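Letter by letter, the chains look like this.
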Amino acid sequence: MADETEQAVVERPGFLPIETNAFDRVFIAVLIFVALHLFWMRFVEAALPLGVATVLSLIIGAIIVARG
């Protein structure tokens, strides 16, 4: 009876080197968001504002979630 109520997790291949489900791709996107912001604040913020990093992170995250 428990088997009927459980939902199957759909894993699919993408451009990432591992098979991922939706949660995996969102988690990877969040990690990239944080890492890019830390890198940006340390090395790039003197030249470009942090808002640029946010827009770049959101674009990269959307690509990973949609096609990763």
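Whatever comes next refers back to the structure up there.
Everything in this summary refers to the structure shown in the same document.

Criteria and thresholds
- Residues numbered from 1 in each chain as written.
- Predicted model: local features only at pLDDT ≥ 70, side-chain atom pairs only at ≥ 80, totals over all residues.
- Heavy atoms only, no water.
- Helix = DSSP H or I, 4+ residues; strand = E, 2+ residues; numbered from the N terminus.
- Buried < 20%, exposed > 50% of the residue type's maximum accessible area, 1.4 Å probe, protein only.
- Contact = heavy atoms within 4.5 Å.
- Areas by Shrake-Rupley, 256 points an atom, 1.4 Å probe, with all protein chains shown as cover.
- Expected span 1.5 Å × (residues − 1).
- Polar contact = N/O pair within 3.5 Å; in protein donor to acceptor, adjacent residues only side chain to side chain.
- Patch = residues over 30% accessible without salt bridge, like charges linked within 9 Å, V, L, I, M, F, W, Y side chains within 5 Å.
- Salt bridge = Lys/Arg side-chain N within 4 Å of Asp/Glu carboxyl O.

**So, the overall build of the chain**
- Across its full length, the chain carries three helices and zero strands.
- Helices and strands appear in the chain in the N-to-C order α-α-α.
- The buried share among the 68 residues of the chain stands at 21%.
- The long-range share in the chain, meaning contacts at least 24 apart out of those at least 6 apart in sequence, stands at 47%.
- Carbon and sulfur atoms form 70% of the exposed surface of the chain, whose accessible area is close to 5,300 Å².

**Some thoughts on helix H2 (residues 22-44)**
- The end-to-end C-alpha distance of H2, which contains 23 residues, comes to 31 Å, matching closely the 33 Å that a straight helix rising 1.5 Å per residue would cover.
- Those residues of H2 lying buried are Arg25, Ala29, Leu36, His37, Trp40 and Val44.
- Close packing links the buried residues of H2 with helix H3 (50-67).
- One side-chain oxygen at the N-terminal end of H2 lies 3.2 Å from the backbone nitrogen of Phe23; it belongs to Asn21.

**A closer look at a nonpolar patch on the surface**
- On the surface, Val26, Val30, Val34, Leu38, Met41 and Val65 cluster together into a nonpolar patch covering about 490 Å² of accessible area.
- Considering each element in turn, the nonpolar patch owes the most residues, five residues, to H2.
- By the element assignment, Val65 lies in helix H3.
- Among the residues examined, Val65 registers a relative accessible area of 34% and is labelled partly exposed.

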